[in-house]
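# Chains, contacts and geometry: an overview
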Amino acid sequence: LTLFTDTSLCQPGVNVGSTPLRRLSRIEYNNMVRDLGVDPKSTQPANQFVSEQKIDGNFNTNSYASISGTIFNQQYLEAAETLAAAAVASNLSSLVTCTTQDAACATQFINDFGGRAFRGQMDATESAALLTLYNNVRAAPFDFPTGIQAVITSILTSPRFLFVLEFGQPPPSGTAPGAIPLTPMELATRLSLYLWRSLPDSTLVTAATGGHLASASDVATQATRMLADPRATAALHDFADQWLDIENMDAVTKDTVFTTWSAALAEEMHMETLVTFSSTVLAATKNGLGDLLTSGSSYVNKDLTTFYNSPASYVLNTAGPGVAADYKSTAVGSASAPRMGILTDGAVLAIHAHTTLPSPTKRGRMVRQQILCEQVPNPPAAVGGMPIPPPPTTIPAGQTTRSQYEKHVAPNSVCSGCHEYMDPIGFGFDNYDATGAYITQENGTNVSSSGTFTAHPGSTDISGDFTGTTDMISKLAASPQVDQCYALEQIRYALGRVESNSDACSAQQIYKTFFTNNSFNLQQLLVAVVSSDSFMNRTPVNAGGACQ
C-alpha cells in the first residue's frame, strides 16, 4: 500500500507496470459468445473450463498461466465446435443478414462477425484466410450453413479471440518511452472487459474509430455511460464474487444439524450480497465505501428477511431462491440479532466457515487479505514433523469455538506466528454460526465477539482491540488502510495483473479522486481507474524482444 503514500515512487513522465499477455477469463468468454449471438440458449460453456489462477490471493487472471501441457486447447475447440453447430442450426438468420447465401455474403459475415469477435483487430490477411476456409468447405462440397459453421469455429479458436492482444501505438521514432498509449480499439476493449466483462458495443467502437477515445475525459465519458448499462451490474457481481471470495457460495453445504439449511438458502444469500454490492456502487446517491461496510440495510427477499431477524429460527420459502427482482433494500438484523454492512451478510459468513462450526481463521483471513490487503501464508503441510490436524468439528461440553481456536494464538503455540493475524479478527464474528445465523451461546456458554487487530508488518493504521462485531467493522470503515486496499483491489481487477512501483503515479491520482471530500465514492473510483495512465497505456512491445 506504500504505492499510495510514497510520493518518491512517482517519477516524471508516463510510467506503468509491465503488461503481460492474457487469455479471456471464463466470464468474459461466456459473455462474449452470448453477445456475439452464438450462445442464444445461454449454455455458458466456459463454466466447464479450467479455472484461472489468482493474483495475490484474490482475483482471477490468465496472465501468468501456461496453456502447454493443459486441456485448454481441447476445451476451446470443443466449445467452439458445439457453439458453432448450435448457432447455425437455430440462429443462422440472425447471424447472417444478407439474403443471397454466396461468397459475397460470407465475406460480409466474416468482416462483421470477425471484426466484433476480434475487437477491431481483423485485417485483410485474416479476412482472406477465413474466406479461403469458407470456400474450401463449400468445395468439399458442403452447403452455405456448414461453411459459416466452419468460419465461426475458426474465429472462436483464434488467438485474436481467445487472447487480449495489446501492442499499443508505435512510439515516436528514435525514442524509448517507459509507456505507450493503447490504440483506441485496444482501449475500448479494456473498458468493455473491465466494466462489462464483454465486447465493446457499437457506441464504444464508433468513439474509438472516430477519434473520440483518446483523452482521459473521453474515457471517463464512456465509462459513465457504460456504468448505466445493465451489463455493468453483471461485471460488478463478478468483482464482488472475487473480492469477497464468495464465487462458490451456491455450492456451500452445511452439516445436517442445521435442519433449515438448503441449496436454495445458499443461492439466496449469494444473490443478496451480489445485488447489495452492485446496487450500492451504482446508486444515484453516490455511495461511499463506508456505506457498503456499515449499512444497516441489505437487499433481501422474504426468506432472508426472516433469517436475519429471527435468531436461530427461520422458515424457507418452498418456492426456492428468488431472482434479483424479488430483492428489496430492507433493514436487516434487530436489537437481538444485530448486523452491520456487507461483511455480516450470510454469504460472507457461511462460506468462510466450516460445515459444522464457524471458523475464526477463515473469517479473519478474509478480512486480513481482502479488506486490509495483507497476505498471510498458506498453512504448511506439517509443523515439527507432525501433520497439521484438521479443524475441530465438535466442541467439548461447556466450551465454545473460540476456546478451541485460542490455542492457535497462545504464546507457546508454534502456530501463533500466522494465526495471530487472523484468529483475533475472526473472533469478531463469533456471534454468527456456521450458516451465518446470529447466536448468543454455544453449548450453553455465552460467546464473545471481542477481538484484536494485531499489527501486521504491512499495517499502516489498523491495530488495537475491539469490543464486538459492530465496533470491529466501524474501525475498519474509519481506516485509511481499508480505503487504500479497496482502491488497490479495483486496480488489480481492472488491469488483470499485479501492481508495481511504476504504477505509483496512477495509484496516487486514483486514490486522490477516490478520497475527494472524504467521500470515497465507489462509482467515482471506477471512473478514476479507467482514466489513469496505468489503464490507458502499456509498456512497449518490441518485436523479437523478451516475452513479458
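The text that follows walks through the structure, step by step, so that each part is easy to find. (Residues numbered from 1 in each chain as written. Predicted model: local features only at pLDDT ≥ 70, side-chain atom pairs only at ≥ 80, totals over all residues. Heavy atoms only, no water.)

### Things to note about the overall build of the protein
- The number of helices and strands found in the protein is 24 helices and 14 strands.
- On C-alpha atoms alone, the protein measures out to a radius of gyration of 26 Å, which is about the 24 Å that the 2.2 N^0.38 rule sets for 548 residues.
- With the principal axes as the frame, the protein shows a C-alpha extent of 80 × 60 × 55 Å.
- Counting all 548 residues of the protein, 52% fall into the buried class.
- A sequence separation of at least 24 residues applies to 71% of the contacts in the protein between residues at least 6 apart.
- With an accessible surface of roughly 23100 Å², the protein has 55% of that area assigned to carbon and sulfur atoms.
- Considering the protein, the positive charge centre built from 30 side chains and the negative charge centre built from 46 side chains are found 1 Å apart. (Helix = DSSP H or I, 4+ residues; strand = E, 2+ residues; numbered from the N terminus. Rg over C-alpha atoms; globule rule 2.2 N^0.38 Å. Buried < 20%, exposed > 50% of the residue type's maximum accessible area, 1.4 Å probe, protein only. Contact = heavy atoms within 4.5 Å. Areas by Shrake-Rupley, 256 points an atom, 1.4 Å probe, with all protein chains shown as cover. Lys, Arg positive; Asp, Glu negative; His and termini not counted. Charge placed at Lys NZ, Arg CZ, Asp CG, Glu CD.)

### What to know about the state of the cysteines
- Per the stated rule, a full pass over the model turns up three disulfides.
- Here Cys98 pairs with Cys105 through a disulfide, and the sulfurs are 1.8 Å apart. Classification of the bridge connecting Cys98 and Cys105 rests on its S-S torsion, roughly 75°, and on that basis the disulfide is right-handed.
- The class of Cys105 is buried, set by a relative accessible area of 3%.
- Disulfide partner of Cys373: Cys485, at an S-S distance of 2.1 Å. Around the S-S axis, the bridge from Cys373 to Cys485 shows a dihedral of about 85° and counts as right-handed. One end of the pair, Cys373, is in the loop between helix 16 (360-371) and strand 8 (382-383); the other, Cys485, is in helix 21 (residues 480-495), with 112 residues separating them in the sequence. (Disulfide = S-S within 2.5 Å.)

### Quick look at helix 5 (residues 124-138)
- Across its 15 residues, helix 5 extends 21 Å between first and last C-alpha, which sits within 8% of the 21 Å expected from 1.5 Å per residue.
- Taken residue by residue, helix 5 has Glu126, Ser127, Leu130, Tyr134 and Val137 as its buried positions. All buried residues of helix 5 fall inside an arc of 100° around its axis, so they share one side. Opposite the buried face of helix 5, by more than 90 degrees, sit the exposed residues Ala124, Thr125 and Asn136.
- Looking at the packing, one finds that the buried side of helix 5 touches helix 4 (103-117), helix 6 (144-156) and helix 7 (159-162).
- Looking at where helix 5 begins, the residue whose side-chain oxygen comes 3.2 Å from the main-chain nitrogen of Thr125 is Asp123. (Expected span 1.5 Å × (residues − 1). Arc of directions from axis to C-beta. Polar contact = N/O pair within 3.5 Å; in protein donor to acceptor, adjacent residues only side chain to side chain.)

### As for the pairing of strand 6 (residues 297-300)
- Judged by which residues are buried, strand 6 turns out to be one-sided: Ser298 and Val300 face inward and are buried, whereas Ser297 and Tyr299, on the alternate face, are not.
- Direction of pairing for strand 6 relative to strand 7 (residues 328-331): antiparallel, over a ladder of four bridges. In the strand pairing of strand 7, Tyr299 is matched with Ser329. (Pairing = 2+ DSSP bridges.)

### Quick look at the pattern of salt bridges
- Counted according to the given criterion, the structure contains 18 salt bridges.
- For the salt bridge of Glu28 with Arg22, the shortest nitrogen-to-oxygen distance reads 2.9 Å. For the pair shown, Glu28 and Arg22 are each scored as buried.
- Between Arg26 and Glu52 there is a salt bridge; the shortest N-O distance is 2.8 Å. Of the two residues, Arg26 sits in helix 2 (residues 26-35) while Glu52 sits in the loop between helix 2 and strand 2 (53-55), which places them 26 residues apart along the sequence.
- With relative accessibility at 22%, the residue Arg26 sits in the partly exposed group.
- A residue is classified by how much of its surface remains accessible, and Glu52, at 9% relative accessible area, is buried.
- What you see here is one network of salt bridges that share partners, running through Arg22, Glu28, Arg197 and Asp238. (Salt bridge = Lys/Arg side-chain N within 4 Å of Asp/Glu carboxyl O.)

### A word on the packing of helix 11 (residues 230-243) against helix 12 (residues 263-282)
- Between helix 11 and helix 12, whose axes approach to 9 Å, the crossing angle comes to 120°. Compared by their axis directions, helix 11 and helix 12 come out oblique. At the point where helix 11 passes helix 12, the crossing takes the right-handed sense. Across the interface between the two elements, Thr233, Leu236, His237, Phe239, Ala240, Asp241 and Trp243 of helix 11 pack against His270, Leu274, Val275, Phe277, Ser278, Val281 and Leu282 of helix 12.
- Counted by class, the contact of helix 11 with helix 12 contains nine nonpolar, four polar and one charged residues. (Axes fitted to C-alpha atoms, helices over the stretch in contact; angles between N-to-C directions. Parallel < 35°, antiparallel > 145°, perpendicular 65-115°, else oblique. Left-handed = near helix turned anticlockwise from the far one by under 90°. Nonpolar A, V, L, I, M, F, W, Y, C, P; charged D, E, K, R; others polar.)

### Comments concerning helix 23 (residues 522-530)
- Extensive coverage of helix 23 is indicated by the burial of eight of its nine residues.
- Within the span of helix 23, buried status applies to Leu522, Gln523, Leu525, Leu526, Val527, Ala528, Val529 and Val530.
- Here helix 23 starts with a cap whose side-chain oxygen sits 3.2 Å from the backbone nitrogen of Gln523, and that cap is Asn521.

### Remarks on the packing of aromatic side chains
- On inspection of all chains with the given rule, the structure shows 26 aromatic pairs.
- Considering the side-chain rings of Phe49 and Tyr76, the 5.3 Å spacing of their centres and the 90° angle between planes classify their relative orientation as edge-to-face. Of this pair, Phe49 sits in the loop between helix 2 and strand 2 while Tyr76 sits in helix 3 (residues 72-95), and the two are 27 residues apart along the sequence.
- On the basis of relative accessibility, which here comes to 5%, the residue Tyr76 falls in the buried class.
- A cation over an aromatic ring shows up here: Arg23 above the ring of Phe72, its NZ or CZ 4.0 Å from the ring centre.
- Between the NZ or CZ atom of Arg231 and the centre of the ring of Trp196, over which it lies, the distance is 3.8 Å. (Phe/Tyr/Trp six-rings, centres within 6.5 Å; stacked < 30°, edge-to-face > 60°. Lys NZ or Arg CZ within 6 Å of the ring centre and 35° of its normal.)

### Comments concerning unusual backbone geometry
- A cis geometry characterises the amide bond from Ala140 onward to Pro141, with omega recorded as 5°.
- Relative to the helices and strands, Pro141 resides in the loop between helix 5 and helix 6.
- The backbone of Arg119 shows a phi angle near 50°, a positive value even though the residue is not glycine.
- With respect to the element layout, Arg119 can be found in the loop between helix 4 and helix 5.
- Arg119 gets classed as buried once you look at its relative accessible area, which sits at 5%.
- Despite not being glycine, Lys286 has its phi angle at roughly 55°, a positive value.
- You can see Lys286 is positioned in the loop between helix 12 and helix 13 (289-294).

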